[in-house]
Amino acid sequence: MRPANVVDLRGDAASDASAPGAGADLFPLVLDDVSFQAGGTVLIKGVDLTLPAQGATVIMGPNGAGKSLLLRLMHGLIAPSGGTVTWGGMPLGEAVRKRQAMVFQRPVLLRRSVAANIDFVLRLRGRADPGRRREILDHAGLAAHADQPARLLSGGEQQRLAMARALATEPDVLFMDEPTSNLDPASTLVIEEIAKAARDRGTKIIFITHDMGQARRLADDVVFVHKGKVLEHSPAETFFTQPASTEAGDYMAGKIIL
Amino acid sequence: MQDFGAAFLTAFDLLIGADAALLEIIGLSLRVSITALLAAGLIGLSLGAALAVTRFPGRGFILVIVNSMMGLPPVVVGLVVYMLLSNAGPLGFLGLLYTPEAMIIAQAILILPIIAALSRQLIEDLHAEYAEQFRSFCVPTGRMMVELLWDARYSLLTVMLAGLGRAMAEVGAVIIVGGNINHLTRVMTTTIALETSKGDLALALGLGIVLLSIAIAINAGVMALNATAKRQAYA
Amino acid sequence: MKHLKTLTLGAAAGLILGAAVAVPGTAQADAIIVQSTTSTQNSGLYDYMLPIYEKKTGNKVNVVAVGTGQAIKNARNCDGDVLLVHAKPAEEKFVADGYGVKRSDLMYNDFIIVGPPADPAKVGGMKDGPKALSMIAKSEAIFASRGDNSGTHKKEKHLWKAAGIDPVKASGKWYRETGSGMGATLNAGVGMGAYVMTDRATWISFKNKGDYKIQVEGDKQLFNQYGVILVNPKKCPKVKVKEGQAFIDWLLSKDGQETIASYKLKGLQLFFPNGKMM
């Protein structure tokens, strides 16, 4: 086993993040020499990465760098071609994934009412209960829309419902893949508030964004991905002021990096 | 040909007259085809959903078979069911030959591949959209099938109507296994075949127009209910 | 909105159940199945005769009319209690093979050859069946054959043989084998201006005659005998011997024979009883 690329976050940005929640046994998340290839092309190359239980980790990098693949490998939506992903020493399986949830760039809502979308996951986790559903919808500001078809909500409302539905499973880890890339600033802010509240309750957040402002507002640490490799994993403060790699610097400066 | 004009007049007379013999035939047609549809729907939708969400060796081969079976000639289905249900066949002891039940079995077999193949495609397309989210939530396969069937319900209704249409329109299978027995197994299409062979083309065509009117009424009714439900309840 | 959905589903379920329950009754325990030639059904004989029989005896008779060849095959599969067809040699073979208890003559009529009024083969008014066929063959006028091994087809083949002609050599040219029932063959024949051999009963009741005329009739060789046979319970244990025999007995009785004779269409008698009670 090669030494993991451990970054000590305890001294700085992460220190004021919440204490580890009930999901502490899932951590650290360790990617050991993880690679992924499809159709003969290597898309993720030998990634070693360790993430702690606390705070929000943001994954950044140019389009096509492999951010979404990395997120899916962590969540177990796809299996690595090489290497291992372990959560607190446990291999990735349904037992682990059931304690996590993911929000996608384009919300995948069932063709049903708003309420039925929440009921779906409550039933799935064996706790269908109208009171709990009302609480969840209230929290997401969607109570007034409960009986509406989910797919007729506005884009922002749809993503809020997707967030509420993901959090209804009470996950220890919440993945988000560019959750606000299609949203206006006001809707973006609401999503960020919900994410922050979840983090403060002890939910680990791992998300992808191209929105520099959002990254600065939410990130405790940053993983920078380029051409299928993790070039840098630093505390947010360090990353935004003194990125270790020139590619990260160029990326933030808005330069095209090759 | 003056038969066309006569056919419309005959159809009109038949519908207005609501003649008891005609009502009996229409009733049996509906009973046989709708029961066949329910049976084929239950099996076909489950099969379609299962094929849509699972991957296993030989799946492609099964899809080719199911899709090809959509073109099964009714006469062949009738013949196979006849050979099974005949007193000389393996299931002869059931005594089902020349009964409405035999016709239901034949029509169910005839439309099962249509329902399975079309629903498989529909659900697979929907599953492509839901797959990652379902995997993220760890939805078990059986549950996934149920949820996909429910979410595809409005599209699946069209699949069911296609099945019902084929069942109600076919004559080749029911005439062999039903025998076109008066007051027992005579349905719309076998009556049309009989009147054609009697050379009464106007009556045959008139019955055809009646059959088409029933089909239009059913489709319009279902579509109207569907549209209302869709508008009022869910998108 | 929930209620509306429930209502919709309820209505749909109700419709389906209603339709499924609305038409009761399937096979009755004592009903017999008659495997039959088509002419007796297409001419309306059963629609006339069976209600009379059922009213008198309370016994139900279900008729499967498929053409003599198919009817005999179905009966060999034990899928009938009584066989009523018109191909004496095949019927006798059926009994000899042990599938039938006994064959009885029931009634007769005759075959005729119908054709277009222009009469390209100049057979109009002829009596001699084989001679008329040989003239049709010589002039290569179109002839539509059943080609389905039915009683009528068997008779037609027999007449061609008597004329010393093998028409199948011209199959697809002037000799057209429809492979269909009598009615379908008549429809096709009238449509393409072909001569057709048919039984008289089907012809009289046939409604799509166009301008067709009877061209050949009255030959002894064109005699069309119908027979009735009880399927043998030794081969087919499920045969309803009592009810089947009761039907045959009635057909051959004075009452049954008179009923057959009394069936008329357009003032014409279609079938002539010649059954004998044994």
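These numbers were taken from a predicted model, which means no experiment stands behind them.

**Student:** For the state of the cysteines, give the residues involved together with the corresponding values.
**Tutor:** Residues and elements named next belong to chain C. The final tally for this structure, using the stated rule, is one disulfide over all chains. Across the disulfide, cysteine 78 is cross-linked to cysteine 236 (sulfur-sulfur distance 2.0 Å). Disulfide cysteine 78-cysteine 236: torsion about the S-S bond near -70°, hence left-handed. In this pair, cysteine 78 is assigned in the loop between helix H4 (68-76) and strand E3 (82-85) and cysteine 236 in the loop between strand E9 (223-231) and helix H10 (241-252), connecting sequence segments 158 residues apart.

**Student:** Account for helix H6 (residues 129-139) of chain C, with residues named and values stated.
**Tutor:** Residue and element names in this part refer to chain C. Listed in full, the buried residues belonging to H6 are Gly129, Pro130, Ala132, Leu133, Ile136 and Ala137. Seen along its axis, H6 keeps its buried residues to an arc of 160°; they face one direction. Close packing links the buried residues of H6 with strand E4 (100-115), strand E5 (143-145), helix H7 (151-163), strand E7 (195-199) and strand E8 (213-216). Of the residues flanking the start of H6, the one acting as N-cap is aspartate 128, its side-chain oxygen 3.2 Å from the backbone nitrogen of lysine 131. Glutamate 140 sits one or two residues past H6 and shows a positive phi near 55°.

**Student:** Break down the confidence of the model for chain A for me, with residues and values.
**Tutor:** Residues at a pLDDT of 70 or more form 90% of chain A, whose mean pLDDT is 89. Every residue in residues 1-20 of chain A is under pLDDT 50, and counting partners more than four places away or in other chains gives 29 contacts.

**Student:** Describe helix H6 (residues 185-200) of chain A, with residues and values.
**Tutor:** Residue pairs spaced three or four apart in an α-helix point in one direction, given the helix's 3.6 residues per turn. All names here are of chain A. When the terminal C-alpha atoms of H6 are compared, their 22 Å separation across 16 residues agrees well with the 22 Å that a helix rising 1.5 Å per residue should span. Among all positions in H6, only Ser187, Thr188, Ile191, Glu192, Ile194, Ala195, Ala198 and Arg199 are buried. Across the axial projection of H6, the buried residues extend over an arc of 160°, all falling on one side. Among the exposed residues of H6, those pointing more than 90 degrees away from its buried face are Pro185 and Ala186. If you follow the buried residues of H6, they end up packed against strand E3 (56-60), helix H5 (155-167), strand E7 (173-177), strand E8 (204-208) and helix H7 (212-218). Looking one or two residues past H6, glycine 202 carries a phi angle of roughly 105°, positive in sign.

**Student:** Describe a nonpolar patch on the surface, with residues and values.
**Tutor:** Taken together, the side chains of Val76(B), Val80(B), Leu84(B), Leu91(B), Phe93(B) and Leu94(B) present a nonpolar region at the surface, about 520 Å² in accessible area. For Val80(B), a relative accessible area of 43% translates into the label partly exposed.

**Student:** So what's going on with the interface of chain B and chain C? Which residues, and what values?
**Tutor:** At the junction of the two partners, chain B supplies 37 residues and chain C supplies 33 residues. When chain B packs against chain C, the two sides together hide about 3000 Å² of surface, and 59% of this comes from carbon and sulfur. In terms of surface lost to chain C, no three residues of chain B exceed Arg31(B), Tyr98(B) and Lys198(B), which account for 19% of the buried area on that side. At the junction of chain B with chain C, the criterion picks out one salt bridge. The salt bridge partner of Asp200(B) is Lys207(C), with a shortest N-O separation of 3.1 Å. Put simply, chain B and chain C have 18 residue pairs in polar contact (both at pLDDT 80 or more) between them. For the side of chain B that touches chain C, the secondary-structure elements that each account for two or more residues are helix H2 (20-53), helix H5 (100-137), helix H9 (188-197) and helix H10 (201-232) of chain B. Looking at the side of chain B that touches chain C, the element that brings in the most residues is H2(B), giving six residues. Residues of the side of chain B that touches chain C, tallied by class, amount to 17 nonpolar, 15 polar and five charged.

**Student:** How would you sum up the sheet that holds strand E10 (residues 229-235) of chain A? Please name residues and give values.
**Tutor:** Residues and elements named next belong to chain A. Ordered in space as E6-E7-E8-E3-E9-E10, the six strands form an open sheet in which the pairing is mixed. Of all strands in the sheet, those with a lone pairing partner are strand E6 (100-103) and E10, marking the two edges. Put simply, the sheet's adjacent strands are angled 15° from each other on average, direction ignored. Looking at chain direction, strand E9 (residues 221-226) and E10 are connected through six bridges and run antiparallel. Bridge pairing in E10 links valine 222 to serine 234. Packing against the sheet, H5 makes contact with E6 and E7, and its axis sits at approximately 175° to E6.

**Student:** Any details on the pattern of salt bridges? Residues and values, ideally.
**Tutor:** All names here are of chain C. A complete count under the given rule lists 33 salt bridges over all chains for this structure. A salt bridge links arginine 103 to glutamate 91, with the shortest nitrogen-to-oxygen separation between them at 2.5 Å. Taken together, the residues arginine 103 in strand E4 and glutamate 91 in helix H5 (residues 88-96) connect sequence positions 12 residues apart. Accessibility classification places arginine 103 together with glutamate 91 in one group, the buried group. The shortest N-O distance in the salt bridge between arginine 103 and aspartate 105 comes to 2.8 Å.

**Student:** An account of the packing of H4(C) against H5(C) is requested, with residue identities and associated values reported.
**Tutor:** All names here are of chain C. Taken N-terminus to C-terminus, the directions of H4 and H5 make an angle of 5°; their axes are 11 Å apart at the nearest point. By the angle between their axes, H4 is roughly parallel relative to H5. Within the contact between the two elements, H4 uses Ile72, Ala75 and Arg76 and H5 uses Ala90, Lys93 and Phe94. Partitioning the contact of H4 with H5 into residue classes produces four nonpolar, no polar and two charged.

**Student:** Got a sec to walk through the interface of chain A and chain B? Specific residues and values, please.
**Tutor:** Every contact between the two is made by 29 residues of chain A and, on the other side, 20 residues of chain B. When chain A packs against chain B, close to 2200 Å² is buried across both sides, 52% of that on carbon and sulfur atoms. It is Arg111(A), Arg112(A) and Leu124(A) in chain A that bury the most area against chain B; as a group they hold 29% of the surface buried on that side. Here chain A is connected to chain B by six salt bridges. Between Asp151(B) and Arg112(A) there is a salt bridge, and its shortest N-O distance comes to 2.5 Å. Applying the counting rule to chain A against chain B returns 14 residue pairs in polar contact (both at pLDDT 80 or more). Among the secondary structure elements, those contributing two or more residues to the side of chain A that touches chain B are helix H1 (67-75), helix H2 (94-97), E6, helix H3 (114-124) and H5 of chain A. For the side of chain A that touches chain B, the element with the most residues is H3(A), which contributes four residues.

Rules used in this analysis
- Residues numbered from 1 in each chain as written.
- Chains lettered and ligands numbered in written order.
- Predicted model: local features only at pLDDT ≥ 70, side-chain atom pairs only at ≥ 80, totals over all residues.
- Heavy atoms only, no water.
- Disulfide = S-S within 2.5 Å.
- Helix = DSSP H or I, 4+ residues; strand = E, 2+ residues; numbered from the N terminus.
- Buried < 20%, exposed > 50% of the residue type's maximum accessible area, 1.4 Å probe, protein only.
- Arc of directions from axis to C-beta.
- Contact = heavy atoms within 4.5 Å.
- Polar contact = N/O pair within 3.5 Å; in protein donor to acceptor, adjacent residues only side chain to side chain.
- pLDDT = per-residue confidence, 0-100.
- Expected span 1.5 Å × (residues − 1).
- Patch = residues over 30% accessible without salt bridge, like charges linked within 9 Å, V, L, I, M, F, W, Y side chains within 5 Å.
- Areas by Shrake-Rupley, 256 points an atom, 1.4 Å probe, with all protein chains shown as cover.
- Salt bridge = Lys/Arg side-chain N within 4 Å of Asp/Glu carboxyl O.
- Buried area = accessible area lost by both parts, 1.4 Å probe.
- Nonpolar A, V, L, I, M, F, W, Y, C, P; charged D, E, K, R; others polar.
- Pairing = 2+ DSSP bridges.
- Axes fitted to C-alpha atoms, helices over the stretch in contact; angles between N-to-C directions.
- Parallel < 35°, antiparallel > 145°, perpendicular 65-115°, else oblique.

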